[in-house]
Amino acid sequence: MLDMKWIRDNAEALDAALARRGADALSSKLIALDENRRAVVQKAQEMQSRRNAASKEIGVAMAQKNAELAERLKAEVAAIKVDLPAAEEEERRLTAELNDALSRIPNIPLADVPQGKDEHDNVVRHLIGQKPGWNHAAKEHFDLGEALGYMDFEGAAKIAGARFTILKGQLARLERAIGQFMLDTHTTEHGYLEVQPPLMVRDDAMFGTGQLPKFAEDLFQTTDQRWLIPTAEVPLTNLVREQILEHDQLPLRLTALTPCFRSEAGSAGRDTRGMLRQHQFNKVELVSITDADSSIAEHERMTECAEAILKKLGLHFRTVTLCTGDMGFGSQKTYDIEVWLPGQNTYREISSCSVCGDFQGRRMNARYRDRNDRSVRFVHTLNGSGTAVGRALIAVMENYQNEDGSIAIPDVLLPYMGGLKKIEKAA
């Protein structure tokens with residue numbers, strides 16, 4: 001969430017930033033709304049002050065036996081008591097309207113984010129590794145999985161409907177191995193603290209990381225009004241909500257392997273085959289909580305941690321900088337890591353690493369006390385996939401497929417597979 005004082009002082013900068021994102025100018029509307037709210041606040045304060053002053057004047061008038069003045073003052077206080085609740089209610093209404101408007105404004109892109117409308121304007125930073133070279137045609141993961149007998153889409157559809165997958169046997173073990181390998185790498189080599197967070201959260205947690213109110217349709221809600229997490233970013237980041245941390249506690253680096261739940265409301269008709277876009281999937285999330293001066297460097301570090309996973313798995317990938325029209329709502333800058341899928345003959349996103357500045361810190365009221373001047377500032381937050389486990393499974397299947405349809409196990413996963421070196425058709 002953006003600060004209203006900053007908006008008043010930087011109206012042109014806000015409108016320019018929104019224009020870079022392809023959004024309409026909002027500063028004049030917000031400032032007018034804030035002016036109205038301020039006027040009502042001032043009116044209510046003046047009424048309260050006058051009520052208090054008149055109440056004291058009544059005592060003085062009565063002590064002076066000036067009954068006429070005392071009665072006029074009593075009538076004035078009575079009138080204020082009638083009018084003040086309406087002014088206070090108007091103040092609450094305008095404050096709620098302003099806060100709702102502010103909560104729907106996307107973050108300000110950093111100056112070095114490339115200008116663009118959509119994914120076609122993203123900029124490639126680098127390519128790592130080589131595409132596999134085979135003499136046989138590459139198959140997609142769903143053809144491989146079904147032929148092996150370990151991937152069941154029809155059974156999942158009977159149980160839960162579209163966009164679910166049942167993994168069995170050796171593929172189920174491979175996906176579990178990938179998740180455990182990622183967690184072990186991030187905790188033992190990259191300094192992240194493993195957390196097992198709740199999978200259901202309250203409204204304020206979703207608001208804190210920016211999913212609410214704007215993206216409610218992309219979420220699943222329970223009958224008791226909790227929300228299933230779309231990513232572990234939500235509970236991990238909210239661990240510091242409504243706190244003041246000491247500067248020496250930063251950075252906090254947190255990771256979790258959790259199921260994630262997304263309605264995919266805006267993805268009708270996209271990636272309907274296979275398990276690339278699911279309502280339920282597993283993901284290893286990375287979250288960093290930093291001070292204001294460290295977040296940009298932390299963004300580079302986090303991205304390198306996610307890239308390290310794909311390097312260890314021996315997968316070819318590229319990292320791109322998202323343009324202003326393709327970056328997420330709460331992001332100042334985002335790097336997407338796109339893994340090569342030979343079955344699709346294309347790159348697909350497997351990780352998205354974003355720096356959010358103090359955007360989420362303000363929404364969560366999460367702060368830290370500066371070690372130098374002891375001033376209290378909002379924390380800066382970052383989040384990224386380290387990586388999506390299901391998509392990593394897809395990438396391993398398609399990049400390590402053999403001509404006979406079997407799948408070789410990457411060396412780094414062998415310790416997690418009980419000695420199994422190749423996944424073959426179920427007997």
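The name recorded for the chain in an unreviewed UniProt entry is Serine--tRNA ligase, from Rhizobium alvei. UniProt, in the comment section headed Sequence similarities (unreviewed entry), describes the chain in these words: "Belongs to the class-II aminoacyl-tRNA synthetase family. Type-1 seryl-tRNA synthetase subfamily."

Caption draft 1: Structural detail: the overall build of the chain. Helices and strands together make up the secondary structure of the chain, namely twelve helices and 18 strands. Relative to the globule expectation of 22 Å for 427 residues, the C-alpha radius of gyration of the chain, 28 Å, shows a markedly less compact shape. If you line up the chain on its principal axes, its C-alpha atoms span 105 × 45 × 40 Å. When the 427 residues of the chain are sorted by exposure, 47% land in the buried category. In the chain, once contacts between residues fewer than 6 apart in sequence are set aside, the share between residues at least 24 apart is 72%. By element, 48% of the accessible surface of the chain is carried by carbon and sulfur atoms, the whole surface being about 20400 Å². When the 54 positive and 62 negative side-chain charges of the chain are each reduced to one mean point, those points stand 2 Å apart.

Caption draft 2: Examining the environment of Pro 114 more closely. Along the chain, the position of Pro 114 falls in the loop between helix H4 (67–103) and strand E1 (123–128). Considering only alpha carbons, one finds Pro 114 and Lys 333, 219 residues apart in sequence, at a separation of 9.5 Å. Excluding its chain neighbours within four sequence positions, the residues that come into contact with Pro 114 are Arg 20, Val 123, Thr 321, Leu 322, Cys 323 and Thr 324.

Caption draft 3: A look at the packing of helix H3 (residues 27–63) against H4. It is at 8 Å that the axes of H3 and H4 come closest, and there the two elements cross at 160°. With respect to H4, the axis of H3 lies roughly antiparallel. For the element pair H3 and H4, the recorded crossing hand is left-handed. Its residues assigned to classes, the contact of H3 with H4 shows 21 nonpolar, four polar and 13 charged.

Caption draft 4: Structural context of the environment of Val 412. In this fold, Val 412 is placed in the loop between strand E17 (407–408) and strand E18 (422–423). Sequence separation between Val 412 and Thr 209 is 203 residues, and the spatial gap between their C-alpha atoms is 34 Å. Contacts of Val 412, omitting those with residues within four sequence positions, involve Phe 181, Lys 312 and Leu 313.

Caption draft 5: Summary view of the layout of surface pockets. The calculated volume of the second largest pocket comes to roughly 300 Å³. Around the second largest pocket, the lining comprises 14 residues; the ones closest to its centre are Thr 165, Glu 175, Gln 278, Gln 280 and Phe 281. Here the residues of the lining of the second largest pocket sort into eight nonpolar, five polar and one charged.

Caption draft 6: Examining the UniProt feature "binding site: ATP" (unreviewed entry) in the chain more closely. The UniProt feature table records "binding site: ATP" (unreviewed entry) at Arg 262, Ser 263, Glu 264, Glu 349, Ile 350, Ser 351 and Ser 352. Turning to its location among the elements, Ser 263 is positioned in the loop between strand E9 (252–261) and strand E10 (280–290). Exposure remark for Ser 263: the relative accessible area of 16% places this residue in the buried category. Residues in contact with Ser 263, not counting those within four places in the same chain, are Glu 217, Asp 218, Leu 219, Phe 220 and His 279. Among the secondary structure elements, Glu 264 is positioned in the loop between E9 and E10. Those residues in contact with Glu 264 that lie beyond four places of it in its chain are Arg 163, Asp 218, Arg 277, Gln 278 and His 279.

Caption draft 7: View of the UniProt feature "coiled-coil region" (unreviewed entry) in the chain. UniProt marks residues 70–104 with the feature "coiled-coil region" (unreviewed entry), using the numbering shown here. Here residues 70–104 runs as 97% helix and 0% strand, with 51 Å between its end C-alpha atoms.

Caption draft 8: Spotlight on unusual backbone geometry. Geometrically, the link from Leu 212 to Pro 213 is a cis peptide bond, its omega value of 5° lying close to zero. With respect to the helices, strands and loops of the structure, Pro 213 is situated in the loop between helix H8 (203–209) and strand E6 (220–221). Residue Thr 387 is reached from Gly 386 by a cis peptide bond, and omega for that bond is 15°. For Thr 387, the position within the fold is in strand E16 (residues 380–388). Its identity is not glycine, yet Gln 225 carries a phi of approximately 75°, on the positive side. Within the fold, Gln 225 resides in the loop between E6 and strand E7 (227–228). In this structure, Arg 374 takes a positive phi of about 65° despite not being glycine. Here Arg 374 shows up in the loop between strand E14 (367–369) and strand E15 (376–378).

Criteria and cut-off values
Once a new chain begins, its residue numbering starts again from 1 and follows that chain's sequence as written. Selection of residues for local features in this predicted model requires a pLDDT of at least 70, selection of side-chain atom pairs for listing and counting requires 80 or more, and totals for whole chains, interfaces and linings are taken over all residues. To get the side-chain values, all heavy atoms of the structure are used, and hydrogens and water are removed first. UniProt positions are given in the numbering used here, feature names are shortened, and annotations may be inferred rather than shown by experiment. Every helix listed is a DSSP run of H or I at least four residues long, and every strand listed is a run of E at least two residues long, numbered separately from the N terminus. C-alpha atoms define the radius of gyration, and 2.2 Å times the number of residues to the power 0.38 defines the globule rule. The buried label goes to any residue with under 20% of its type's maximum accessible area, the exposed label to any with over 50%, and the partly exposed label to all in between, with areas taken from a 1.4 Å probe on protein chains only. Working rule for contacts: check all heavy atoms of both residues, and any pair within 4.5 Å makes them a contact. Calculation of accessible area relied on Shrake-Rupley with a 1.4 Å probe; when residues are assessed, cover is drawn exclusively from the protein chains displayed. Only four residue types enter the tally: Lys and Arg on the positive side, Asp and Glu on the negative side; His and the chain ends are excluded. Lys charges are placed at NZ, Arg charges at CZ, Asp charges at CG and Glu charges at CD. Note on definitions: angles span 0 to 180 degrees between N-to-C directions of axes, and those axes are lines fitted to C-alpha atoms, for helices only across the stretch in contact. Any angle between 65 and 115 degrees counts as roughly perpendicular, while under 35 counts as roughly parallel, over 145 as roughly antiparallel, and the rest as oblique. Handedness of a crossing follows from how the near helix is turned relative to the far one, being left-handed for an anticlockwise turn of less than a right angle and right-handed for a clockwise one. Throughout, the ten residues Ala, Val, Leu, Ile, Met, Phe, Trp, Tyr, Cys and Pro are labelled nonpolar, Asp, Glu, Lys and Arg are labelled charged, and all others, Gly among them, are labelled polar. Residues are said to line a cavity or pocket when one of their atoms sits within 4 Å of a point; the points come from a 1 Å grid over protein atoms alone, cavities being sets where a 1.4 Å probe fits but cannot get out and pockets being open sets with protein on both sides within 12 Å along at least five of seven lines. Grid points are joined across faces, edges and corners, and a volume is the space filled by probe spheres set on the points.

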